[in-house]
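# Structure assessment
Residues per chain are reported as follows:
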Amino acid sequence: MKSIRPGPVDGVVAAPPSKSVVQRVAAIAALNRGTVELRARSFCEDALAALRVTRALGTQVHAEDGGVFMKGSRRPMDSRLMCGEAGTTLRIFSAVGAVFDHQLVVMASGTLNARPVDMLEGPLTALGATCVSSGGLPPLLVRGPIRGGHAVVDASETSQHLSGLLIALPCCEGDSDLEIQDLRSAPYVRLTLQLLDRFGIRIEADEDLRHIHVPGGQAYPSLRLVAEGDWSGATFPLVA
């Protein structure tokens, strides 16, 4: 039996990198014909799932101590995108995969197979792609390319698919207008918008994020950035 006794705590500990940032940057790298360098000391399982999926979409991924280098090709290497149990990866990359003129199967494992993904079908279909779930659950069959247009996005349960659309739609031929209903997790959408702004992507959104306009015909440039620390991951050393 192990016991923990009080003792002095002193020093500096780097917080784990934000998995929310890593997953979004990996999705951007899959659509980027340039090079994205993300500085981060380590990656959690969800982040590794995102890197695995971006590699399946044809991105060269070179990880080393202190970061990962990603160079996109826009040529998928595998039609199966295995997301593991990473819900954010599954929902974001379902939209990102719809940019490609390929039929892709977005797959899950474990408990993620019981989590709904039907909120993706309506917007992707309205924007010109094919998206069919398995009775509202994974796996998802996605076939692009999305063209742009108008879509209503139900964000009452999650905003992860909205973030995926915001990453994907700048690469479309036409402009897109999104009407957002019942947004519950606005901070994560704002995080996505901040990252897109770092890449020079133009998006127009009203203050309460109910209407978002995404000009098409944009391209992601090469960029070097640092993954910020993750507050939830930092709680473990903080409780010391």
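Remember, predicted model here, so these are calculated numbers, not experimental data.

### Notes on the overall build of the chain
If you tally the helices and strands in the chain, you get 7 helices and 12 strands. Whereas a compact globule of 240 residues would reach a radius of gyration of roughly 18 Å, the chain reaches 18 Å, a difference of no more than 12%. Its C-alpha atoms give the chain principal-axis dimensions of roughly 60 × 40 × 35 Å. With 240 residues in all, the chain has 50% of them scored as buried. Long-range contacts, defined as pairs at least 24 residues apart, comprise 73% of the intrachain contacts of the chain with a sequence gap of at least 6. A total accessible area of about 11900 Å² is found for the chain, and carbon and sulfur atoms account for 50% of it.

### Comments concerning the packing of aromatic side chains
Counted under the stated rule, the structure contains 1 aromatic pair. Their ring planes at 85° and their centres at 5.8 Å tell us that Phe199 and Tyr220 sit as a pair that is edge-to-face. A residue pair is termed long-range when its members are at least 10 positions apart, and Phe199 in the loop between helix H6 (186–198) and strand S10 (204–205) and Tyr220 in the loop between strand S11 (211–214) and strand S12 (223–226) qualify at 21 residues. Tyr220 carries the same exposure label as Phe199, and that label is buried.

### Brief notes about the pattern of salt bridges
Scanning all chains against the criterion turns up 7 salt bridges. The salt bridge partner of Asp46 is Lys19, with a shortest N-O separation of 3.4 Å. With Asp46 in helix H2 (residues 45–56) and Lys19 in helix H1 (residues 19–30), this pair connects stretches of sequence that are 27 residues apart. Of the charged contacts, one joins Arg210 and Asp208 as a salt bridge, the two residues approaching to 3.3 Å between their closest N and O atoms. Several salt bridges share partner residues, and in doing so they unite Glu37, Arg39 and Arg224 into one network.

### Considering the sheet that holds strand S3 (residues 67–71)
The mixed open sheet is built from 4 strands, whose spatial order is S2-S3-S1-S12. The open sheet has two edge strands, strand S2 (60–64) and S12, and neither has a second partner. Taking the axes of each pair of neighbouring strands and ignoring which way they run, one obtains an average angle of 15° across the sheet. Two strands pair when backbone bridges link them, and strand S1 (residues 35–39) and S3 are joined in this way by 5 bridges, in the antiparallel orientation. Bridge pairing links Thr35 to Lys71 in S3. Along the sheet, H1 contacts S1, S3 and S12; its crossing angle with S1, the most-contacted strand, is approximately 165°.

### Section: the sheet that holds strand S8 (residues 149–154)
Sheet strands pair via backbone hydrogen bonds, and the direction of the pair is either parallel or antiparallel. Taken together, the 4 strands give an open sheet; going across it, the order is S8-S9-S11-S10, and neighbouring strands pair in mixed fashion. Taken across any chain shown, the strands that pair with only one partner, and hence form the sheet edges, are S8 and S10. Judged from the 4 bridges that link them, strand S9 (residues 176–181) and S11 form a sheet pairing that is antiparallel. Paired with Asp177 across the strands is His213, a residue of S11.

Definitions and cut-offs
Residues numbered from 1 in each chain as written. Predicted model: local features only at pLDDT ≥ 70, side-chain atom pairs only at ≥ 80, totals over all residues. Heavy atoms only, no water. Helix = DSSP H or I, 4+ residues; strand = E, 2+ residues; numbered from the N terminus. Rg over C-alpha atoms; globule rule 2.2 N^0.38 Å. Buried < 20%, exposed > 50% of the residue type's maximum accessible area, 1.4 Å probe, protein only. Contact = heavy atoms within 4.5 Å. Areas by Shrake-Rupley, 256 points an atom, 1.4 Å probe, with all protein chains shown as cover. Phe/Tyr/Trp six-rings, centres within 6.5 Å; stacked < 30°, edge-to-face > 60°. Salt bridge = Lys/Arg side-chain N within 4 Å of Asp/Glu carboxyl O. Pairing = 2+ DSSP bridges. Axes fitted to C-alpha atoms, helices over the stretch in contact; angles between N-to-C directions.

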